[in-house]
Amino acid sequence: MPEIVSREARLSLLERMLLMRRFEEAVIHAAAKHKYIGRNHLYIGHEGTGAAVMAQLKPGDLAHTTHRNHGHIVGRGADPGRALAEIMGREGGLCGGRGGTWHMTDTSVGFQSTSAMVGGSIGLATGGGFACKQLGQGNVSVALFGDGVLDEGISYEAFNFASQYSLPILFMCENNEKPGRRETSMLAADRLLDIPKALKIHTMTVDGGDVEAVHAAVGEALARIRKDQVPVFIESQIEAWPGSHQHKPEFTTGETDISMAWDTGKITGPHADWIRQEPILRYVRKLLAEKAAAQADIEALDKKVQAKMAKARDFAEASPFPQAEGAILGAFA
Ligand SMILES: Cc1ncc(C[n+]2csc(CCOP(=O)(O)OP(=O)(O)O)c2C)c(N)n1
Ligand SMILES: [Mg+2]
């Protein structure tokens, strides 16, 4: 199983997670300040999964994502200023302000589109897997999706097609349901994984709060997908952020204070249990315990990410709204 060995790789993984988190915090600030920003589904709490996937994709690999897309896109290297500008509907956005949070895309980092339709990413990724196989350049297609997708008919067709045609696809399910709930209330199957298994797709389950565990599982899956040209399904089990279902994002669990990783007495309030186990603080604690980093290194890294996000925010806020004359740009007819 591939392991993360170097200290640099571990810090880079943490940096990717911090960028995802600080980006979403900037979205919360922007939503409070700019009343026109609509609903946003934030990636807070999912960082361990997205960072582990994005860190291991190669140029030319495709990625397809959902309504909870911000972390995936900035995690793979899209410009955070242009991503934030897109959410704010500005001309400087990744799609000229026309896509917004739900249709943000950046082909330069392998995202052909974002589909806010539950199940949309899985169909697109299956088409992407077919294209990767036809092109024969060793690339893979990744579908990122939530557990809700298993309630949608398209997932059955996609799994069947991917299995039958032996396509190089990573099906990455970010399961943020409370254990047992979806299995009993929404699916006739006992477990999510029963569905891909029945269609002869290799499956794995991993603790989504442990970024290195996800990294190892994804590394193993990608090696298998590239070598054998087969799909693999990973279920990453995630403790949902208590703010996940808010219409307007708010600081439900407070702005992330990285020092809570070593100063655990600071963790208080109704969501203390969530904060204690969230993937970023958990990873910092691990790096400190294993002497891979000192508190000062962690603080410096966080400062660096915060400075990058401050620049991104300035860029987005300074970007104008699109001109009315450009309204039909990009229309097919
Ligand atoms: C086809 C379709 N039906 C309903 C919705 C409304 N909707 C938006 S998010 C969501 C829940 C999705 O759950 P899940 O896939 O587990 O993702 P999570 O929000 O938990 O990350 C629903 C039903 C939608 N976007 N598309
Ligand atoms: Mg879900």
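Residues numbered from 1 in each chain as written. Chains lettered and ligands numbered in written order. Predicted model: local features only at pLDDT ≥ 70, side-chain atom pairs only at ≥ 80, totals over all residues. Heavy atoms only, no water.

Draft legend 1. Spotlight on the environment of Met88. Positionally, Met88 belongs in the loop between helix H4 (80-87) and strand S2 (111-114). With a relative accessible area of 1%, Met88 lands in the buried category. Considering only alpha carbons, one finds Met88 and Thr107, 19 residues apart in sequence, at a separation of 20 Å. Among all residues touching Met88, those that are not within four sequence positions of it are Ala30, His34, Tyr36, Ile37, Ala316, Glu317 and Phe321. (Helix = DSSP H or I, 4+ residues; strand = E, 2+ residues; numbered from the N terminus. Buried < 20%, exposed > 50% of the residue type's maximum accessible area, 1.4 Å probe, protein only. Contact = heavy atoms within 4.5 Å.)

Draft legend 2. Summary view of the coordination of the magnesium ion (ligand 2). For the magnesium ion (ligand 2), the protein coordination sphere consists of Asp147 (OD) and Asn176 (OD1), at 2.1 to 2.3 Å. With Asp147 in the loop between strand S3 (141-146) and helix H6 (153-164) and Asn176 in the loop between strand S4 (169-175) and helix H7 (181-185), this residue pair connects regions lying 29 residues apart in the sequence. (Donors = N, O, S within 2.8 Å, 3.2 Å for Na, K, Ca; no water.)

Draft legend 3. The arrangement of the nonpolar core in detail. In this structure, Leu14, Leu170, Met172 and Ile234 are the most contacted members of the largest nonpolar core, which totals 74 residues. Looking at this core, the element that brings in the most residues is helix H1 (residues 7-33), giving 13 residues. Apart from residues lying up to four places away in sequence, Leu14 is in contact with Ile280, Tyr283, Val284, Leu287, Ile298 and Leu301. Listed in part, the 20 residues of the second largest apolar core include Phe145, Leu167, Phe171 and Cys173. (Core = buried A, V, L, I, M, F, W, Y, C linked by side-chain atoms within 4.5 Å.)

Draft legend 4. Looking closely at the sheet that holds strand S6 (residues 232-237). If you trace the six strands from one edge of the open sheet to the other, you get S2-S1-S3-S4-S6-S5, paired in parallel fashion. Where the open sheet ends on each side, the last strands, each with one partner, are S2 and strand S5 (202-207). Taking the axes of each pair of neighbouring strands and ignoring which way they run, one obtains an average angle of 15° across the sheet. Pairing geometry for S4 and S6, over six bridges, is parallel. Note on S6: the bridge partner recorded for Cys173 is Glu235. (Pairing = 2+ DSSP bridges. Axes fitted to C-alpha atoms, helices over the stretch in contact; angles between N-to-C directions.)

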